[in-house]
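Each chain, written out:
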Amino acid sequence: MPDKRDFYDVLGVPKGAGEDEIKKGYRNMARKYHPDLNPGDKAAEERMKEVNEAYEVLSDAQKKARYDQFGHAGVDPNMAGGSGFPGGFGGFGGGAVDIDLGDLFGSFFGGGFGGGRASNPNAPRQGGDLEERVVVSFEEAAKGCTRRADVNRVEPCDDCGGSGAVKGSGTKPCPDCGGTGQKSTQQRTPFGVISSSKTCAKCGGRGKVIENPCQKCRGGGRVRRRSTVEITIPAGIDNGQALRVAGEGDKGQNGGPAGDLLVGVSVRPHAVFERDGYDLWCDVTVQFWQAALGDLLRVPTLEGSAELRLPAGIQAGAVHSLRGRGIPVLHGGGRKGDLHLRIQVETPAALSAGQRALLEQMRGSFPATATAGPPKAPPEPSGERGGFFRGRRK
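Along every chain, residues carry numbers that run from 1 in the direction the sequence is written. Confidence filtering applies because this is a predicted model: local features only for residues at pLDDT of at least 70, side-chain atom pairs given and counted only at 80 or more, and all residues used for totals across whole chains, interfaces and linings. With hydrogens and water stripped out, all remaining heavy atoms of the structure feed into the side-chain values.

## Observations regarding the pattern of salt bridges
1) Next: Salt bridge, as used here, is a side-chain nitrogen of Lys or Arg placed within 4 Å of a carboxyl oxygen of Asp or Glu. Overall, the coordinates contain 23 salt bridges when judged by the stated rule.
2) Next: The shortest N-O distance in the salt bridge between aspartate 129 and arginine 244 comes to 3.7 Å. Taken together, the positions of aspartate 129 in the loop between α5 (101-109) and β1 (130-136) and arginine 244 in strand β8 (residues 242-245) put the pair 115 residues apart, joining distant regions of the chain.
3) Next: Relative accessibility under 20% of the residue-type maximum defines a buried residue, over 50% an exposed one, and the middle range a partly exposed one, all with a 1.4 Å probe and only protein chains included. On the basis of relative accessibility, which here comes to 54%, the residue arginine 244 falls in the exposed class.
4) Next: Within the structure, one salt-bridge network assembled from shared partners comprises Arg153, Glu155, Asp158, Arg225 and Glu248. We count a stretch as a helix when DSSP gives it H or I for four or more residues in a row; a strand needs E for two or more, and each element gets its number in order from the N terminus.

Structural data, given as structure tokens:
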């Protein structure tokens with residue numbers, strides 16, 4: 001894929017960068033190309049899509065390993081194995097082979113002591129669980145969204161309807177076990193004759209055999225098929241949390257229920273906000289004259305901008321809180337966390353002649369020397385909640 005840039009270059013990080021470096025690189029590029037910070041800039045919008053794609057791959061350990069080994073071909077869903085999730089995380093729950101522990105013990109102990117029988121293969125069996133991973137933006141995690149995921153799951157064969165036999169044909173009693181599903185054996189020992197039974201190898205314990213097996217499923221009645229599942233991401237979900245989508249795993253056997261789909265959620269970092277539980281934090285940079293005189297500011301929130309009255313004499317590091325402007329509480333009935341705005345005061349690096357003259361005139365009205373003393377405790381956030389202050393940043 002010569003038209004695609006190297007994902008490490010896209011995020012501005014070195015080859016083999018770790019999780020923290022990749023996350024930091026994404027945040028830097030998001031600040032540079034995020035559409036909210038570059039309104040109307042189509043080039044920035046395209047670069048942001050490229051940044052999102054690179055982060056989606058490099059933030060996932062399995063995809064990153066394949067990318068490091070095979071490049072873009074290793075994560076291309078159109079290439080063999082490129083979908084990245086054959087059966088979920090590392091294949092958990094995705095195997096197509098069923099292991100009968102009864103048969104396994106039977107091979108060691110001749111069918112069990114005292115003629116014990118394996119589990120009934122004709123009984124209903126629940127399908128296995130599958131695992132998938134989705135990546136959403138910070139805003140999508142906060143507000144909720146839907147995602148479509150392609151999963152490889154076991155389903156009834158379309159050609160035979162799950163019977164395993166060609167349409168129009170059926171089954172007949174197993175000739176080896178006479179339809180019982182078990183074969184009895186007797187063994188003469190110094191202690192006498194011991195009878196035991198084990199699962200019939202020909203019919204697998206079902207007691208019947210298919211006369212004309214379906215060619216598509218080879219008589220198994222089930223095939224692995226790629227299916228699309230719609231996943232509802234609830235508002236307020238956090239990075240690393242998981243969802244259970246009932247009934248979207250492997251389909252059951254003999255009328256048994258389907259398994260579930262377990263969905264791990266990864267959330268991309270935001271260019272402006274940091275999340276702390278259900279609270280948001282954001283740095284607001286003001287000029288030194290605004291800090292001294294006060295001002296009316298427009299500050300960012302997840303729903304747009306809001307007004308903040310900056311009091312005169314504000315100090316660097318002061319925190320103002322906007323109640324209910326944070327992340328929705330997961331299944332919290334509409335409750336939300338708060339938005340904490342940390343004030344940063346910017347000192348100009350260069351002054352014009354006029355600005356310098358004005359400051360020189362003011363010099364005499366301020367103390368001539370700096371004062372020293374123990375560091376002051378960080379201020380408590382102001383706002384409607386008074387002293388509420390969770391997850392203090394330093």
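## Some details on the sheet that holds strand β10 (residues 274-276)
1) Next: Pairing between two strands requires that DSSP report at least two bridges joining them. With mixed pairing, the four strands of this open sheet are ordered in space as β10-β11-β15-β14. Two strands lie at the open edges of the sheet, namely β10 and β14 (319-322), each paired on one side alone. Sheet twist, expressed as the average angle between the axes of neighbouring strands with direction ignored, equals 35°.
2) Next: One ladder, built from four bridges, connects β14 with strand β15 (residues 339-346); its direction is antiparallel. Along β15, the bridge assignment pairs leucine 322 with leucine 339. In this analysis an axis means a line fitted to C-alpha atoms, helices contributing only their contacting stretch, and an angle means the value between N-to-C directions, from 0 to 180 degrees.

## What to know about the packing of aromatic side chains
1) Next: By convention, a stacked pair of Phe, Tyr or Trp rings (six-membered ring in the case of Trp) has centres within 6.5 Å and planes under 30 degrees apart, an edge-to-face pair has planes over 60 apart, and any other such pair is tilted. Enumeration over the complete set of coordinates arrives at three aromatic pairs.
2) Next: Aromatic side chains tyrosine 8 and tyrosine 67 sit 6.1 Å apart centroid to centroid with 45° between the ring planes, which places their arrangement in the tilted category. You can see tyrosine 8 sitting in helix α1 (residues 7-11) and its partner tyrosine 67 sitting in helix α4 (residues 61-70), a full 59 residues away along the chain.
3) Next: By relative accessible area, tyrosine 67 is classed as buried at 5%.
4) Next: Measuring from centroid to centroid gives 4.5 Å for tyrosine 26 and tyrosine 55, while their planes differ by 40°, and the two rings are tilted. On the criterion of sequence distance, the pair formed by tyrosine 26 in helix α2 (residues 19-33) and tyrosine 55 in helix α3 (residues 42-58) is long-range, its members being 29 residues apart. With respect to class, tyrosine 26 is no different from tyrosine 55; both count as buried.
5) Next: Aromatic rings pair up to connect Phe7, Tyr8 and Tyr67 into one cluster.

## A word on unusual backbone geometry
1) Next: Its identity is not glycine, yet asparagine 254 carries a phi of approximately 55°, on the positive side.
2) Next: Under the relative-accessibility criterion, asparagine 254 is labelled partly exposed at 43%.
3) Next: With phi around 55°, histidine 331 is a residue other than glycine that occupies positive phi space.
4) Next: Within the secondary structure layout, histidine 331 lies in the loop between β14 and β15.
5) Next: Taking the relative accessible area as the measure of exposure, histidine 331 reaches 71% and is therefore exposed.

## Description of the confidence of the model for the chain
Regions with low pLDDT should not have their predicted coordinates read in detail.
1) Next: Confidence scores per residue from the predictor, reported as pLDDT, run from 0 to 100. Looking at the chain as a whole, its pLDDT mean stands at 80, while 81% of the residues score no less than 70.
2) Next: The contact criterion used throughout is that any non-hydrogen atoms of two residues lie within 4.5 Å. Below a pLDDT of 50 lies the segment residues 80-117, which in the model reaches 62 contacts outside its immediate sequence neighbourhood of four places, other chains included.
3) Next: Predicted confidence is poor over residues 384-394, with pLDDT under 50, and the contacts of this stretch with residues over four places away or in other chains come to 27 contacts.

## Digging into the packing of α3 against α4
1) Next: Taken N-terminus to C-terminus, the directions of α3 and α4 make an angle of 100°; their axes are 6 Å apart at the nearest point. Accordingly, the angle class assigned to the pair α3 and α4 is roughly perpendicular. On α4, the residues that touch Glu56, Val57 and Leu58 of α3 are Lys63, Lys64 and Tyr67.
2) Next: Across the contact of α3 with α4, the residue classes tally to three nonpolar, no polar and three charged. Oblique is the label for every angle not falling under 35 degrees (roughly parallel), over 145 degrees (roughly antiparallel), or within 65 to 115 degrees (roughly perpendicular). Each residue is assigned to one of three groups, with Ala, Val, Leu, Ile, Met, Phe, Trp, Tyr, Cys and Pro labelled nonpolar, Asp, Glu, Lys and Arg labelled charged, and all others, Gly among them, labelled polar.

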